[in-house]
Amino acid sequence: MNKDQTPPVSNFIRNIVINDLESGKHDKIATRFPPEPNGHLHIGHAKSICLNFGLAAEFGGTTNLRFDDTNPLKESEDFAQAIMNDVRWLGFEWNELRHASDYFQQLYEYAIYLIKNGKAYVDSQDAEAVRSSRGSFGVEGKESPYRNRSVEENLDLFERMKNGEFADGEHLLRARIDMTSGNMHMRDPAIYRIRKVPHHRTGDKWNIYPMYDWAHGISDAIEGITHSICTLEFEDHRPLYNWFLDNIPAPCHPRQIEFARGNLDFTVMSKRKLRELVEEGHVSGWDDPRMPTIAGLRRRGYTAKSIRTFWKEAGVAKADSIIPVGVLENAVRNDMNENAPRAMAVLDPVKVILTNYPEGESEWLEAPLHPQKPEMGLRQVPMGRELWIERGDFMEEPPRKFFRLKPGGEVRLRNAFIIKCVDFVKDAEGKVVEIHCEYDPDSRSGLPGAARKVKGTIHWVSVEHGLTAEVRMYDRLFNVPNPLADKDRDYREFLNPHSLDIVDNAIVEPVVSKGKPGDYFQFERVGYFTIDEDSANSDRPILNRTVSLRDSWAKINR
RNA sequence: UGGGACGUGGCCAAGUUGGUUAAGGCACGGGGUUUUGAUCCCCGCAUUCGCAGGUUCGAGUCCUGCCGUCCCAGCCA
C-alpha cells in the first residue's frame, strides 16, 4: 500500500515504532483507526487514517478499522457505510473490520471482574449529584454515599441494570479510583450507563452500554493493538486507559500515544459545526464541495493521493497547528498538474472574428493532452472563423506588461496560430462585444512559421463547436482564517457569500463531453476542474473548479 | 484555581542518549526555460531554537525560574 513515492517523513510516533521493533518489544505492529459512526469523516480524520495505515504499511503490520459504537443514541449504519467508503477511497484497506459492540459481552464480564475485586461500584446518585460531587479544578471531589456498597450488592444491581430493571439514569457503574485526583478522569469515572435504546448492531440485547474509556482500551487489547494512536485531548485519559488494563486480566497492554490534530484555516472541522452547516442549508450536504469532509473534497475534485501527500508533508507532532489551506491546494495542483489532461474552456466569453479566415469553413487541429507528457497522446481541437476568448484577455487600454490581446497587438492562440487585433466593436454601454483579428496562417502549430515568437498566448474555443457548460466556481467557505476566533461573534457570520459562484454559460471544447463524473481536466491558463456527478442528469456538462492555477499576473496586479 | 501537554524562520516540521555548517516542504524574493504570466530548472531566505539565568571544553538538546498557548469539571467520543 506504499503507493506514494516520496520517502517517509520522520516523526515521534514512527520513532517509537522503530524503537519497539528494534528492541524486540514487538516483532510486528498493529494499529487501528477507530471512528464513531456518528458523522462523516473529514480531512482531520484523514491525518489519523494516513498515520495508522501508513505506519502499519511501512513496517509490515496491520491496521483494523474499528467502529467505536458504544453510544447507540448517535450512531447509525449509514454513517458506518460512508466511513468505510471514505477510507477505501483514500486508498487504504483494513486488515479486519471490528466494532466495539463485538466486545460487549467481554466488556461486561470484565466489569464484573472489576466489581468482584472491589474496583467498581454501582452509584445510585442522579446525574446532577454525580456531577456536583466530582469537584472541580483545584477542588477535590466527594465520595459517593454508594461507594462502599458490598460486592454482592454491586453484582446484583449491575446484573439488574443489564436486565433492564431500571430506567435510564437510575444507576451508574463507576470505577473506584480516586475522588481527590488532580486528573478529573480518575475521579471514579463512569464505566456503564443505562440506555434502554436499541443499538444499530446489537438490537435490543443490551440495556447498558460501556463508556468510551472502558471500551476503548479493552478493545485495543482484544485486537492485539500495539500502538493505540489518538489525538491530544486524550492525554488525560491515558492514566485511566492504563489503570483499566492493569486491573483486569487483559490479553495485552497496548501503548496509547497522542498526536496533535491538524487544523486548516478558513474552515471549521468539528462534527457539530459541520452538521449545523448541513442542517441549516449553508451547504448542500455533507458532500458539498466546500466542505472539509472527505466526501466534499472528493466531489470538489481532490484526489486521494493529494490528501495523502498533504498529510505526509505536514508531518505528525504534538504542537497545535493551523495549516493554511493553500498547502492543501498546492498538493492537488501538484498531483493534477502531473495527471490532468489539458483542454480549453472560456468562462467569460467574448467573440473574436478572424476576418481573413475563409467563411463557412472549419478544421480540426491536433493538440497534446499534456505538454510535458507526449505519451498521454493528442486530442482534436476544432477551429473556425469565429472564436470565444476570455473577456479578461482583451483590453482596449492595457496596463504595462499586458501580454494579451490589445488593439493592434499580436497574441498566439494556444495550439493554433498568431492573430493580430485589427478592430473591435462596442455596444451602447461601451462593452466590447466583438473583436476583429487577422490570423497568420504560417504561424500555425506544426509549421516552420510557428517558431515566430509573440509575447503572450491565450486560450480559445470555436463558436461553432464549443459546448456550453455550467461551471461551479468554489472558493473558501469562510472569509476569515479562523471563524471561531471571535468569541463575540458566531462563526456563521463569517461565511463567505462567494464560496460558490455559478458560471452557467462557460464554453468548453468538445473533449470535455467525453468525461465522466470524477474525471478532471486542466483548463489551460484557468485551473483544474472536475466533472460533477450532477452531470449525469444534465443535458450539459457541470464542472466543479477544484482549484485555480497559480497566477503570478493576478498577484502582480493586486 | 488542581492536573496534563506544547512553544525551532510567515505556515508546517526534522533535529534518537548534549559535539560542532540548525534537514525538508509550503510561502516569499531574484534569475533561466516555456505556444499555459502554469509546469520545470537554478539561486537566496533562522549567527539562531518562547524569555532569563545556570551546568559544560561544548546545549535547540541537561537544570532552575519566568512568559505564552492548548486540553480536562458528559451517565459524549
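Quick caveat: nothing in here was measured; it's all calculated off a predicted structure.

S.K.: So what exactly am I meant to see when it comes to helix H2 (residues 43-58) here?
M.R.: In an α-helix, one full turn covers 3.6 residues, which means residues spaced three or four apart are oriented alike. End to end, H2 covers 22 Å across 16 residues, agreeing with the expected 22 Å (1.5 Å per residue, within 8%). The element H2 is largely enclosed, with a buried count of 13 among its 16 residues. Remark: Gly-60 follows H2 within two positions and exhibits a positive phi of approximately 70°.

S.K.: I would appreciate a short explanation of unusual backbone geometry in the present structure.
M.R.: What is expected of a backbone is that most residues other than glycine have negative phi and most peptide bonds are trans. One non-glycine residue, Phe-266, lies in the positive phi region at around 60°. Tracing the chain through its elements places Phe-266 in the loop between strand S10 (262-264) and helix H9 (271-279). Overall, the relative accessible area of 17% leaves Phe-266 in the buried class. For Arg-525, which is not a glycine, the phi torsion comes out positive at approximately 70°. Inspection of the secondary structure puts Arg-525 in the loop between strand S25 (520-523) and strand S26 (527-531).

S.K.: How do you make sense of empty space enclosed by the protein when you look at a structure like this?
M.R.: Over the atoms, a rolled probe matching the size of one water molecule traces out where space is still vacant. All chains considered together, the criterion is met by one cavity of 30 Å³ or more. Volume-wise, the largest cavity comes out at about 230 Å³. Counting residues per element, the lining of the largest cavity draws most heavily on helix H12 (residues 325-339), which supplies three residues. Across the lining of the largest cavity, the residue classes tally to ten nonpolar, one polar and six charged.

S.K.: Help me understand the packing of H2 against helix H11 (residues 304-314) in this model?
M.R.: The geometry of a pair of packed helices is captured by two quantities: the angle between their axes and the separation between those axes. At a minimum axis separation of 10 Å, H2 and H11 run at an interaxial angle of 75°. What the angle tells us is that H2 and H11 run roughly perpendicular. Across the interface between the two elements, Ile-43, Gly-44, Ala-46, Lys-47 and Cys-50 from H2 touch Ile-307, Arg-308, Phe-310 and Trp-311 from H11. For the contact of H2 with H11, a count of residues per class yields six nonpolar, one polar and two charged.

S.K.: I keep staring at the packing of aromatic side chains and nothing clicks. Help me out?
M.R.: Two numbers describe a pair of aromatic rings. These are the distance of the centres and the angle of the planes. One pass over the full model with this rule turns up 17 aromatic pairs. Among the aromatic residues, those joined into a cluster by ring pairs are Phe-104, Tyr-108, Phe-158, Tyr-192, Trp-206 and Tyr-209. Against the face of Tyr-491 rests Lys-273, its NZ or CZ located 5.8 Å from the ring centre. When the ring centre of Phe-266 is taken as reference, the NZ or CZ atom of Arg-476 above it lies at 4.7 Å.

S.K.: I tried to follow the sheet that holds strand S4 (residues 120-123) on my own but got confused; where do I start?
M.R.: Whether parallel or antiparallel, the strands of a sheet pair through hydrogen bonds between backbone atoms. Overall, antiparallel pairing links the four strands, which are arranged S4-S5-S6-S7 in an open sheet. Here the strands that pair on one side only, and so sit at the sheet edges, are S4 and strand S7 (208-210). Across this sheet, the average inter-strand angle for adjacent strands is 20°, counted without regard to direction. Seen against the sheet, helix H4 (residues 104-116) touches S4, strand S5 (172-175), strand S6 (190-194) and S7 and runs at an angle of roughly 120° to S6.

S.K.: Would you mind showing me how to read the pairing of S26 here?
M.R.: It is a general feature of regular strands that their side chains alternate between the two faces of the sheet. The element S26 is extensively covered by neighbouring structure, given that five of its five residues are classed as buried. What you see with S26 is no split at all: Gly-527, Phe-529 and Ile-531 on one side and Tyr-528 and Thr-530 on the other are buried throughout. Looking at chain direction, S25 and S26 are connected through four bridges and run antiparallel. Within the sheet, the bridge partner assigned to Gln-522 lies in S26 and is Tyr-528. Pairing between S26 and strand S27 (residues 542-548): five bridges, direction antiparallel. Bridging from a neighbouring strand, Phe-529 pairs with Arg-545 of S27.

What counts and what doesn't
- Residues numbered from 1 in each chain as written.
- Chains lettered and ligands numbered in written order.
- Predicted model: local features only at pLDDT ≥ 70, side-chain atom pairs only at ≥ 80, totals over all residues.
- Heavy atoms only, no water.
- Helix = DSSP H or I, 4+ residues; strand = E, 2+ residues; numbered from the N terminus.
- Expected span 1.5 Å × (residues − 1).
- Buried < 20%, exposed > 50% of the residue type's maximum accessible area, 1.4 Å probe, protein only.
- 1 Å grid on protein atoms, 1.4 Å probe; cavity = no way out; pocket = protein on both sides within 12 Å on 5 of 7 lines; lining within 4 Å.
- Points joined across faces, edges and corners; volume = space filled by probe spheres on them.
- Nonpolar A, V, L, I, M, F, W, Y, C, P; charged D, E, K, R; others polar.
- Axes fitted to C-alpha atoms, helices over the stretch in contact; angles between N-to-C directions.
- Parallel < 35°, antiparallel > 145°, perpendicular 65-115°, else oblique.
- Contact = heavy atoms within 4.5 Å.
- Phe/Tyr/Trp six-rings, centres within 6.5 Å; stacked < 30°, edge-to-face > 60°.
- Lys NZ or Arg CZ within 6 Å of the ring centre and 35° of its normal.
- Pairing = 2+ DSSP bridges.

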